[in-house]
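So you can see what is in the structure, the chains are spelled out below.
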Amino acid sequence: MKKVVIGFFVFLAVLLAVAALVPVLFKDKIKQTLDKEIAKNINANVLYQTDDVSLSLFRDFPDVSLGVENLAIVGIDSFATDTLAQVPSFRMGLDLMSVIAGDELKINSVAMDEPKIKLIVLKSGKANWDIMKPDTVAPTPTDTTASDFAIAIKKWEVSNGTLFYDDLSIPFGMAAYNVNHTGSGDFAKDVFDMKSQTTSDRFTMTYDGVNYIENGKLDADVTMAMDLAKSLYTFKDNNIRVNELPFQFAGTILMPEEAMDFDLTFKATETDFKNVLSVVPGMYTEQFKDIKTEGKLSFDGYFKGRMVDTLMPGFGTELKIINGFFKYPDLPQAARNINVDMRIDNKDGNPNNTTINVRQLHLDLGKNPVDAKMLVEGLEPMKLDGNVKASIDLTEMTKVFPIEGMTLRGLLKVDADAKGVYSETSMPVIDADMRLTNGYVKSKDFPAPIEGLNMVANILNKTGNTDDTRINIQNFNMTLDGEPLSGRALIAGIDKPAFDFDIKGILDLTKLTKIFPQEGMTVSGRINANVAAKGKLSDVEAEKYSNISANGTMGISNLNFVSTDLPQGIKISKANAVFNNERIELKNMSGYLGKSDIQANGSISNYLGYALADNQNLRGNFNLSSNNFNVNEWMVEETGQPVASAQEAEGVVEVPANLDITLNVNAKQVLYDNLKLNNINGRVLVKDKVAKLDKVTFNTLGATFATSGTYNTTDITKPLFDMDLDIQNLNFRQAFSAFNTIKAIAPIAGLLDGTFNTKFNFAGEMAPDMTPVFKSMDGGGVIKVLKAAVRDVKIVQQISTLTRLEELKNFVVENKMIDAQIIDGSLVIKPFDMKIGDMQMTVGGSNNVNGQIDYVTALNVPTGKVGKELNSRLAGVMGGATQLKAAERVTLNLKVGGTLADPRVSLAGGSVKEQASNLVKEAVQSKLDDAKLKLDQRKQQAADSIRNELNRRKAEAEQKARLELEKKRKEAELNIKKQATDKISDFLKPKAKPAAKPAPVDTTKTGTK
């Protein structure tokens, strides 16, 4: 017994040692295998960190548990910005012996915690989950490229997941939240049963923008017979419930290669009316379980055919409700006599072959009957034949169906008939009347109701021609807390409508939005309007304003607007506007944008063209002033929160299209990033996606700025800018601290103590973070150093150390003009001279945005100042000491490389004959020539690329035209042949004999013998 116990503990110790060692010994190998399989099979970006990969023998014993935390799969190409899957915790159970043997890792189980999966199908039919790389070579028994993983999954689990599906090709959408799913089946076999259970607390299904199921509950228990060899999947036992509606599927799904063949039927498994009522949007609430219902239903359908690319299977469903009834327990009235007989049918999956036949729809809401019939054949174009009649007392309706927090009264009558074809060029013959009498709306959140709400409206088309459509709101009036609002509108025609409308009264937005709250938006204030307009859209588009009658006034007071998209808010304390045919005159506007005060006046022209027609510019001229404007408040991140500085904001700012606006700006102070700009004056012109600064002046950092330039977003993927600057009395170090461009292009400014003037122009591309793309910049100008102290600068310290010239350690530059150019993102300083004591110094060269410097310095000094060591070196580079001893002065040629922080200074030569400036000019000119050559080459490459792309598009267009021409030629030939065949057929057909004519009467025989 003792030996047995000892043996057991020895076995247990060995087992624990193996359990501890397996993850350590095999982790790297499994990680390598995982990476290899992803690279070989997945055509997407699979993102995870090595530190987030773990192994355990205890978690899924006897399997080895391979865990990956924070796993993400991001698409490529069309889906480069879409995350297909984000899985905080992903786990696979690997067969222990397959891990130890190492030939092939066998996956027994998969588990995911809180995954978010987003499935997308584009209009082209391309799906973001189609990420498996296609097999280019059929595998053979000895194929070494076969997978190192074997799928032998017997169970899988998803906990608290979120699933989104958006198919733009149908269009169909689905969202499921709090999804829990378990499944089992032996995927090591070709034929087996797969069992799964799925629940979702919130399930939404959308088709063509309409939510057919909203926040429903899903519970599905499905068993499918799997035949993996044939890719055939058959529904066996299954029970699916959406809210209270249970139904079942029967049939098969076959997946040959790329296609999917469906042969499915479905039906409701219970026949109580309450089951189908639960999936009606808005009905399935907490009170649903207490609703009293009666009536029977039948619900069934089919889904049959092939799905591939944009081809859909055929589908159909039939719903019948007989004598339905529902009544909320706390309401006095019921909905009775609910009878529905409808069918949706599409035999081949082509949306244009869809038939929707509502043979009967009737219900009584209390004492109010509603009747409708409708037959829809096809979608584009749509053949329509239907009618709706309803006479609803809103008081009675709220006794049947609860509208929480709101009181409604009034009589609503609807009588509409439509018959004909709806398409881009035609309308059904339609006559629809709607009349609301003595309407009353009161919200629990605001004591004052809307009263006296009356409206008479009609939509009429007698011919089916779209231009013969008339939408006539004959009158509309109401009072809100004693303040009246009334109006009317007539629109005749669809493509080129004529319009005639007027509106008059007071609109109190504070009261209105308390009655009808706007989600994510707060609006208050008063608008007093008296506006009328009459004319034709064709005259608006042609700018024939003399044919249009428009006039009126509008006054705004204490208007406040705040939304989730505009958290800073807008406040208009007061504003008055006067309308006429051509323009709106804005007068005395004052208010706040966020915390910044604004005052404005001016005019807007072509406002009707901008509002009613496509691609017409809104023109305007405004005077805009402010005492204190904070630009930083409007620099927001994607979260909508203001950022600390302008440099943190990301995203290109697009200049709006269809604007032709001039802003005359006058601001006492503008806060931009960490700069205070004072006394801003100038013009900003916005036109054709280009913003232009015209002679804008301001003061900041103790300096005076005058600037003109443009910001061009015609191509939003490649925004361009150009700028002309005239700066007076700017401090070097303050300029370096404040402006990123100076930091990148001229970092030497951060080492100088003094002031300068400059007239400079530059242009280039703008990056997505709204900073210049420095490599794209070109420009030039003049910098005048007013006074600059040079001290503690590593470059001049190293020159002083090399030459033993102490005067170079600290010196002052005054009234020095420097010419500079920016070429391909590099700053090139043309040679300039300085006198330091009895020395003449010439400097020139370049530095780039990577911090590299390449300068040439020539020093013309008395020969006696040159130290012994440098004398020896000079003698070496000059070929002897004789010339040096005889000369009074010598020119030292120095090269400066490296970076500002780590410069490298070396002696490149010397001369007793050449002037210092000549040495530097030649070297700098060489740098200019090289830089310009590289720039020209880059521009030529860009031009070649554009030309090649244009040629490619031209060739494609020509090929398309040839194919289209050939197609039309063949169609013409077929048409001619058909006409000839028809004529021959007509010729060969036996002709019908003409009817026999009556024989003429022989008058010679009449009455004679």
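Calculation criteria
- Residues numbered from 1 in each chain as written.
- Predicted model: local features only at pLDDT ≥ 70, side-chain atom pairs only at ≥ 80, totals over all residues.
- Heavy atoms only, no water.
- Helix = DSSP H or I, 4+ residues; strand = E, 2+ residues; numbered from the N terminus.
- Contact = heavy atoms within 4.5 Å.
- Areas by Shrake-Rupley, 256 points an atom, 1.4 Å probe, with all protein chains shown as cover.
- pLDDT = per-residue confidence, 0-100.
- Salt bridge = Lys/Arg side-chain N within 4 Å of Asp/Glu carboxyl O.
- Buried < 20%, exposed > 50% of the residue type's maximum accessible area, 1.4 Å probe, protein only.
- Pairing = 2+ DSSP bridges.
- Phe/Tyr/Trp six-rings, centres within 6.5 Å; stacked < 30°, edge-to-face > 60°.
- Lys NZ or Arg CZ within 6 Å of the ring centre and 35° of its normal.
- Core = buried A, V, L, I, M, F, W, Y, C linked by side-chain atoms within 4.5 Å.
- Patch = residues over 30% accessible without salt bridge, like charges linked within 9 Å, V, L, I, M, F, W, Y side chains within 5 Å.
- Lys, Arg positive; Asp, Glu negative; His and termini not counted.
- Charge placed at Lys NZ, Arg CZ, Asp CG, Glu CD.

Turning our eyes to something else, we now look at the overall build of the protein chain. From N to C terminus, the protein chain includes 13 helices and 45 strands. By sequence separation, contacts in the protein chain at least 24 residues apart represent 53% of the contacts at least 6 residues apart. For the protein chain, the exposed area adds up to about 57,200 Å²; of that, 55% sits on carbon and sulfur atoms.

The next thing to look at is the confidence of the model for the protein chain. For the protein chain, mean pLDDT is 80; residues scoring 70 or higher make up 81% of the total. The low-confidence segment residues 1-22, where pLDDT is below 50, has seven contacts with residues more than four positions distant or belonging to other chains. Segment residues 136-145: pLDDT under 50, and one contact once partners within four positions in sequence are set aside and those in other chains are kept.

On to the pattern of salt bridges. Summed over the entire model, instances satisfying the criterion amount to 25 salt bridges. The shortest N-O distance in the salt bridge between Glu 396 and Lys 399 comes to 3.8 Å. One end of the pair, Glu 396, and the other, Lys 399, are both in helix 4 (residues 394-400), three residues apart, so they sit about a helical turn from each other. Among the residues examined, Lys 399 registers a relative accessible area of 30% and is labelled partly exposed. The shortest N-O distance in the salt bridge between Glu 483 and Arg 526 comes to 2.5 Å. You can see Glu 483 sitting in strand 24 (residues 483-492) and its partner Arg 526 sitting in strand 26 (residues 521-536), a full 43 residues away along the chain. Under the relative-accessibility criterion, Glu 483 is labelled buried at 15%. Taken together, the salt bridges that share partners define one network made up of Glu 318, Lys 320, Asp 341, Arg 343, Asp 345, Lys 347 and Arg 359.

Pairing between strand 26 and strand 27 (residues 549-563): 13 bridges, direction antiparallel. Bridging across to strand 27, Thr 522 finds its partner in Val 562. Sheet topology note: the strand 27/strand 28 (residues 570-579) ladder contains nine bridges and is antiparallel. Opposite Gly 552, over in strand 28, you have Phe 579 as the bridge partner. Following strand 27, the chain reverses through six residues before pairing antiparallel with strand 28; Gly 569 in that reversal takes a positive phi of roughly 85°.

This part takes up the packing of aromatic side chains. Summed over the entire model, instances satisfying the criterion amount to 14 aromatic pairs. Arranged with centres 5.0 Å apart and planes meeting at 70°, the rings of Phe 262 and Phe 303 form a pair that is edge-to-face. Of this pair, Phe 262 sits in strand 13 (residues 260-268) while Phe 303 sits in strand 14 (residues 292-307), and the two are 41 residues apart along the sequence. Classification of Phe 262 as buried rests on a relative accessible area of 11%. Exposure remark for Phe 303: the relative accessible area of 21% places this residue in the partly exposed category. Put simply, the rings of Phe 235, Phe 247, Phe 249, Phe 266 and Phe 299 pair up and form one aromatic cluster. For Arg 202, the ring lying beneath its charged end belongs to Tyr 177, and the centroid distance is 4.0 Å. In this structure, Arg 409 packs its charged tip against the face of Tyr 440, placed 3.8 Å from the ring centre.

Below, the discussion takes up the nonpolar core. With 96 residues, the main nonpolar core has Ile 799, Leu 808, Leu 827, Met 841 and Leu 859 as its most contacted residues. For Leu 827, the residues in contact, after removing those within four places along its chain, are Ile 745, Ala 746, Phe 760, Ala 820, Gln 821, Ile 822, Gly 845, Ser 846 and Asn 847.

Attention now moves to the environment of Ala 489. One can find Ala 489 in strand 24. On a C-alpha basis, the gap between Ala 489 and Gln 474 in space is 6.7 Å, while along the polypeptide they are 15 residues apart. Every residue in contact with Ala 489, bar those within four places of it in the chain, is listed here: Ile 471, Asn 472, Ile 473, Asp 500 and Phe 501.

Quick look at a negative patch on the surface now. On the surface, a cluster of negative charge is contributed by Asp 385, Asp 415, Asp 417, Asp 431 and Asp 433. Among the secondary structure elements, those contributing two or more residues to the negative patch are strand 20 (406-422) and strand 21 (429-443). Inspection of the secondary structure assignment puts Asp 431 in strand 21. Relative accessible area serves as the criterion here: at 35%, Asp 431 is assigned to the partly exposed category.

Let us now look at a nonpolar patch on the surface. A surface patch of nonpolar side chains, about 280 Å² in accessible area, is lined by Ile 459, Ile 471, Ile 491 and Ile 494. Here Ile 459 shows up in strand 22 (residues 450-461).

A few words now on the side chain of Ser 89. With respect to the helices, strands and loops of the structure, Ser 89 is situated in strand 4 (residues 83-94). Ignoring sequence-local partners within four residues, the contact set of Ser 89 consists of Val 68, Glu 69, Ala 111, Met 112 and Asp 113.

In this chain, Glu 380 is followed by Pro 381 through a cis amide linkage whose omega measures -5°. Inspection of the secondary structure puts Pro 381 in the loop between strand 18 (368-377) and strand 19 (382-393). Of note in this structure, Asn 243 is not a glycine but carries a positive phi near 55°. As for its position among the elements, Asn 243 is in the loop between strand 11 (232-242) and strand 12 (245-254). Taking relative accessible area as the criterion, Asn 243 reaches 6% and is therefore assigned buried. For Lys 695, which is not glycine, the phi dihedral falls at a positive 50°. Mapped onto the secondary structure, Lys 695 falls in strand 35 (residues 690-700). Classification of Lys 695 by relative accessible area gives exposed; the value is 65%.

Time to look at the side chain of Ser 605. Tracing the backbone shows Ser 605 in strand 30 (residues 596-605). A relative accessible area of 15% places Ser 605 in the buried class. For Ser 605, the residues in contact, after removing those within four places along its chain, are Glu 582, Arg 583, Leu 618 and Arg 619.

Our next topic: the pairing of strand 26. Along any regular strand, the residues point their side chains to alternate faces of the sheet. Inspection of the sheet shows strand 25 (residues 498-508) paired to strand 26 by eleven bridges, in the antiparallel sense. For Phe 499, the partnering residue across the bridge sits in strand 26 and is Gly 535.

This paragraph deals with the environment of Met 589. With respect to the helices and strands, the residue Met 589 is situated in strand 29 (residues 583-593). Take Met 589: its relative accessible area is 18%, and that puts it in the buried class. Along the sequence, Met 589 and Ala 575 sit 14 residues apart, while their C-alpha atoms lie 4.1 Å from each other. If sequence neighbours within four positions are ignored, Met 589 has contacts with Ile 572, Lys 574, Ala 575, Ile 598, Gln 599 and Ala 600.

Mapped onto the fold, Leu 311 is located in the loop between strand 14 and strand 15 (314-327). Between the C-alpha atom of Leu 311 and that of Ile 170, which follows or precedes it by 141 residues, the distance is 9.6 Å. Every residue in contact with Leu 311, bar those within four places of it in the chain, is listed here: Arg 306 and Asp 348.

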